[in-house]
Amino acid sequence: MKLARIATDDGPVAGRYEDGVVHTDDGVYEVGTDADFLPPCEPSALYCVGRNFAATIDQMEYERPDEPDFFIKPPASLVGHGDPIPYPSFSDEVTYAGELAAVIDEPCRDLSEDEVSEVVRGYTIMNDMDALDQGGRTPRKAFDASGPLGPWIETAVDPTEIDMYTDVAGERRQEANTELMLFDPYEIISHLSRRVSFRPGDVVSFGSPANPGLVEPGDTVEITYEGVGTLRNTVVDSSERENMALEGETVRS
């Protein structure tokens, strides 16, 4: 099942997505006509694992971690499927990273690996945008629209053997399988749960294979995880940041 959140003229609603239509308790909405995609959940934080593919470690000349290495993106980084990504005005070197992500369904902590599947609502896709020329991981990773998420949450998928690929401006930039992760999703969520108490809607992303090349305004980034979906967003000029909705606002494209 695909669970989606959408922006309608009556405000945000959530429901089951099927063949371009979202079915909710209050009615049926056609995406693109009656509604636009929102990020599929409302996390208190996005917990992002880095250095989780050997190819990425080689590309960035990182040391191989002994345990999952993570950082946090704020909710302000979220945009949904189809939303523009304003190029950050403070950077001249921005890249992308196509990542599988889990959405937590209930408050939890101290999980064993066997318990993880019981608390995961499902899986979605995140683009971990990165301003490489900024000093330190947080300035690089935490900015408006640095975490596109969507298009929906797929509840029926095994995250351990999924083919993925990323196209930028029509060029294939990434291609891998989640079986190449150094730490699988169950290990990662269990590890993090011993450090933080998860809240419903929190997101855990699992890292990206090697991601060569940069993005520029005008580039469309399409990230596909088979069995989950395709997340698509276009990078736009930094001036478009002024058109992004502030908290409490809903802007339909």
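Residues numbered from 1 in each chain as written. Predicted model: local features only at pLDDT ≥ 70, side-chain atom pairs only at ≥ 80, totals over all residues. Heavy atoms only, no water.

A. Geometry of the overall build of the chain. Scanning the chain for helices and strands turns up 4 helices and 19 strands. By the compact-globule yardstick of 18 Å for 253 residues, the chain fits well, its C-alpha radius of gyration being 17 Å. Projecting the C-alpha coordinates of the chain onto the three principal axes gives extents of approximately 50 × 45 × 30 Å. Looking at the chain as a whole, 51% of its 253 residues are labelled buried. (Helix = DSSP H or I, 4+ residues; strand = E, 2+ residues; numbered from the N terminus. Rg over C-alpha atoms; globule rule 2.2 N^0.38 Å. Buried < 20%, exposed > 50% of the residue type's maximum accessible area, 1.4 Å probe, protein only.)

B. The arrangement of the sheet that holds strand E15 (residues 163-168) in detail. With mixed pairing, 5 strands are arranged side by side in an open sheet as E9-E19-E18-E15-E16. With one partner strand each, in any of the chains shown, strand E9 (85-86) and strand E16 (171-177) form the two edges of the open sheet. Here 6 bridges tie strand E18 (residues 220-225) to strand E19 (residues 229-236), and the two strands are oriented antiparallel to one another. Across the sheet, the residue bridging to Thr224 is Thr230, located in E19. (Pairing = 2+ DSSP bridges.)

C. Highlighting the side chain of Ser91. The residue Ser91 is located in the loop between E9 and strand E10 (94-95) in this model. Looking at Ser91, the relative accessible area reads 3%, which means it is buried. For Ser91, the side chain forms a polar contact with the main-chain nitrogen of Glu93, separated by 3.1 Å. A polar side-chain atom of Ser91 sits 2.7 Å from a polar atom in the side chain of Asp133. In this structure Ser91 touches Ala131, Asp133 and Gln134, once residues within four positions along its chain are discounted. (Polar contact = N/O pair within 3.5 Å; in protein donor to acceptor, adjacent residues only side chain to side chain. Contact = heavy atoms within 4.5 Å.)

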